[in-house]
Amino acid sequence: MATLAEALKALDREDRIDALISVAERFVNEPTHPEEARVPGCESEAFVWSEPAPNGKMTLHFAVENPQGISAMALAALLKEVTAGASIQSIAAIPEGVVVELFGDELSMGKTMGLTGMVKMVAGEAKKRL
Amino acid sequence: MSTDIAARGYAHPEALVSTDWVAEHINDPDVRIVESNEDPLLYPSGHIPGAVEVDWTRDLNDQLRRDYLDRVAFEKLMGRIGATPNTTIIFYGDRNNWWAAYAFWVFQLFGHTNAKIMDGGRIKWEKEGRELTREVPAYAPTTYSAPERDDRTNRAFRDNVTQQLDRSNPLVDVRSPQEFTGERLHMPDFPNEGALRGGHIPTAKNVPWGMAIDQDDATFKSADDLRKIYEGSAGLSPEKEVIAYCRIGERSSHTWFVLKYLLGYPNVRNYDGSWTEWGNLVGAPIEK
């Protein structure tokens, strides 16, 4: 995640936005989700939940119900890709500050709160399995 | 579900246009369509053909002080989007036109009254399956002459809020009930949008901004329904001066639009200092 954030930070604003839109286009919504998986404070109606995977790992699932939640979709796709096959310890260690590193500092507080909530949920799901 | 704009009983129905109207005027040289969003990825990912983007942080805010752009910067912005004083500006955006209303309000500080909001915003356009494009249009730059920014007619400062309290005139707090009661304050890492104290300005009525929107199709509710909300429940009245506020003045610009244009309140202002100023003021009265 840190490497990805560094790579995005190196881009200018336009290229970073294009890169994030491309990531969002890879997002695959998982429409069947438990209500308790709702990300608190995320106005894009995002959901994060997990299940155990072989070799002591875990699989994360994501849903974004707001069709205009493109930043939420980009973050969900990134988190899905970065956590696939990763150790539970490394998922639990994903820092909240990664949102600003990925998206820059132009986001509104509300938007940042929602996206940070998603990162917290991901780390929280991992911590439950440590 | 929405009815025709003209049938909804608004004081100034001309302040709104439908998605049909916009579709018919995409190539109208006298019309400039402007998208303003909270999410910076939305416009580049696809927008109404011919629409330009006006970004609330980069275009509308002063980049140094906490204030809005000045006359020179506004003239430059209008020149960049190829607008003249006669151009009809149509605003639309995400979040039920929250940011579109904010941009509309800033444009009114410079007297560009030839402006309207697309009813239903971006979500309605999308749900209707209308065309979106990634092509960013290039318009021939114009020379736009604007008056100095008028901070008295539609904008309120903290001294105006204090006077409002002294005169027992109404305040409408359009934040969420959790913010109104002080249960939710701000994000710890965002002191620039946060406040040291939670609660609301004394006597303010809480009417969350989104109550003005029909949840089925994101259009504005009818004038009768809006009166029930703002005059019935909240006790506002067009006879009194009203000041609306939220956290930084964006959500309250949406309510300002509703009260001024849809219900025809003659004296309504937006306190853009809002809770991030009031909740940090030493000695300012607060209720929870």
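Residues numbered from 1 in each chain as written. Chains lettered and ligands numbered in written order. Predicted model: local features only at pLDDT ≥ 70, side-chain atom pairs only at ≥ 80, totals over all residues.

Looking at the overall build of chain B
Of the regular secondary structure elements, chain B holds 10 helices and 10 strands. Here chain B has a C-alpha radius of gyration of 18 Å; the compact-globule value for 288 residues is 19 Å, and the two agree. On the principal axes, the C-alpha backbone points of chain B span a range of 50 × 45 × 35 Å. Every one of the 288 residues in chain B was classed for burial, and the buried ones make up 45%. Of the contacts made within chain B by residues no fewer than 6 positions apart, 77% connect residues no fewer than 24 positions apart. (Helix = DSSP H or I, 4+ residues; strand = E, 2+ residues; numbered from the N terminus. Rg over C-alpha atoms; globule rule 2.2 N^0.38 Å. Buried ≥ 20, exposed ≤ 12 C-beta atoms within 10 Å, placed from the backbone. Contact = placed C-beta atoms within 7 Å.)

Some thoughts on the sheet that holds strand 4 (residues 88-92) of chain B
Residue and element names in this part refer to chain B. The sheet built from 5 strands is open, its strands ordered 1-5-4-2-3 with parallel pairing. Edge positions in the sheet fall to strand 1 (16-17) and strand 3 (52-53), since each of these pairs with one other strand and no more. Where strand 2 (residues 31-35) and strand 3 come together, 2 bridges link them in parallel fashion. Among the inter-strand pairings, E35 is bridged to a residue of strand 3, identified as E53. (Pairing = 2+ DSSP bridges.)

Considering unusual backbone geometry
Peptide bonds are, in most cases, trans, and in most cases residues other than glycine have a negative phi. Residue and element names in this part refer to chain B. One non-glycine residue with positive phi stands out, namely T203, at about 80°. Summarising the element assignment, T203 is placed in the loop between helix 7 (177-181) and strand 8 (205-206). Positive phi, normally seen in glycine, also occurs at S274, with a value near 45°. Looking at S274, the number of C-beta atoms within 10 Å reads 27, which means it is buried.

Section: the pairing of strand 10 (residues 268-271) of chain B
Residue and element names in this part refer to chain B. Along strand 10, one buried face is formed by V268 and N270 and the opposite face, lined by R269 and Y271, is buried too. Sheet analysis places strand 6 (residues 155-156) next to strand 10, joined by 2 bridges and oriented parallel. Note on strand 10: the bridge partner recorded for R155 is N270. Of the strand pairs in this sheet, strand 9 (residues 242-245) and strand 10 are connected by 4 bridges, and their pairing is parallel. Within the sheet, the bridge partner assigned to Y245 lies in strand 10 and is Y271.

Some words on the confidence of the model for chain B
Residue and element names in this part refer to chain B. Mean pLDDT over chain B stands at 94; residues scoring 70 or higher make up 96%. The low-confidence segment residues 187-192 (pLDDT under 50) makes 6 contacts with residues lying over four places distant or belonging to another chain. Prediction confidence for the complex, expressed as pTM and ipTM, is 0.93 and 0.88 respectively. (pLDDT = per-residue confidence, 0-100.)

Overview of the packing of helix 3 (residues 70-83) of chain A against helix 6 (residues 109-128) of chain A
All names here are of chain A. At a closest axis distance of 10 Å, the pairing of helix 3 and helix 6 adopts a crossing angle of 20°. When the axis of helix 3 is compared with that of helix 6, the two are roughly parallel. For the pair helix 3 and helix 6, the crossing hand works out as right-handed. Touching S71, A72, L75, A76, L79 and T83 of helix 3 are K111, G114, L115, M118 and V122, all from helix 6. Grouping the amino acids of the contact of helix 3 with helix 6 by side-chain chemistry returns 7 nonpolar, 3 polar and 1 charged. (Axes fitted to C-alpha atoms, helices over the stretch in contact; angles between N-to-C directions. Parallel < 35°, antiparallel > 145°, perpendicular 65-115°, else oblique. Left-handed = near helix turned anticlockwise from the far one by under 90°. Nonpolar A, V, L, I, M, F, W, Y, C, P; charged D, E, K, R; others polar.)

With respect to the environment of B:V161
Residue and element names in this part refer to chain B. Of note, V161 is situated in helix 6 (residues 158-166). With 24 C-beta atoms packed within 10 Å, V161 lands in the buried category. Spatially, the C-alpha atoms of V161 and G279 are 13 Å apart, while their sequence positions differ by 118 residues. Apart from the residues within four sequence positions on either side, V161 is in contact with A156, I201, I243 and Y271.

Here we look at the interface of chain B and chain A
With 16 residues of chain B in contact, the opposing surface of chain A contributes 16 residues. Among the elements of the structure, helix 2 (42-45) and helix 5 (121-127) of chain B are those that each provide at least two residues to the side of chain B that touches chain A. Taken together, the residues that form the side of chain B that touches chain A break down as 7 nonpolar, 3 polar and 6 charged.

With respect to helix 3 of chain A
All names here are of chain A. End to end, helix 3 covers 20 Å across 14 residues, agreeing with the expected 20 Å (1.5 Å per residue, within 8%). Of all 14 residues that make up helix 3, 11 are buried, and the element is covered over most of its length. Directly after helix 3, the chain includes G85, whose backbone phi takes a positive value near 80°. (Expected span 1.5 Å × (residues − 1).)

Concerning the nonpolar core
Judged by nonpolar contacts, the single largest core of 74 residues is most densely connected at B:V34, B:I90, B:F91, B:A103, B:F104, B:I117 and B:A244. Per element, the largest residue contribution to this core is 11 residues, and it comes from helix 4 (residues 94-109) of chain B. Counting residues in hydrophobic clusters, the runner-up holds 40 residues, among them A:F47, A:L60, A:I91 and A:V122. (Core = buried A, V, L, I, M, F, W, Y, C linked by C-beta atoms within 7 Å.)

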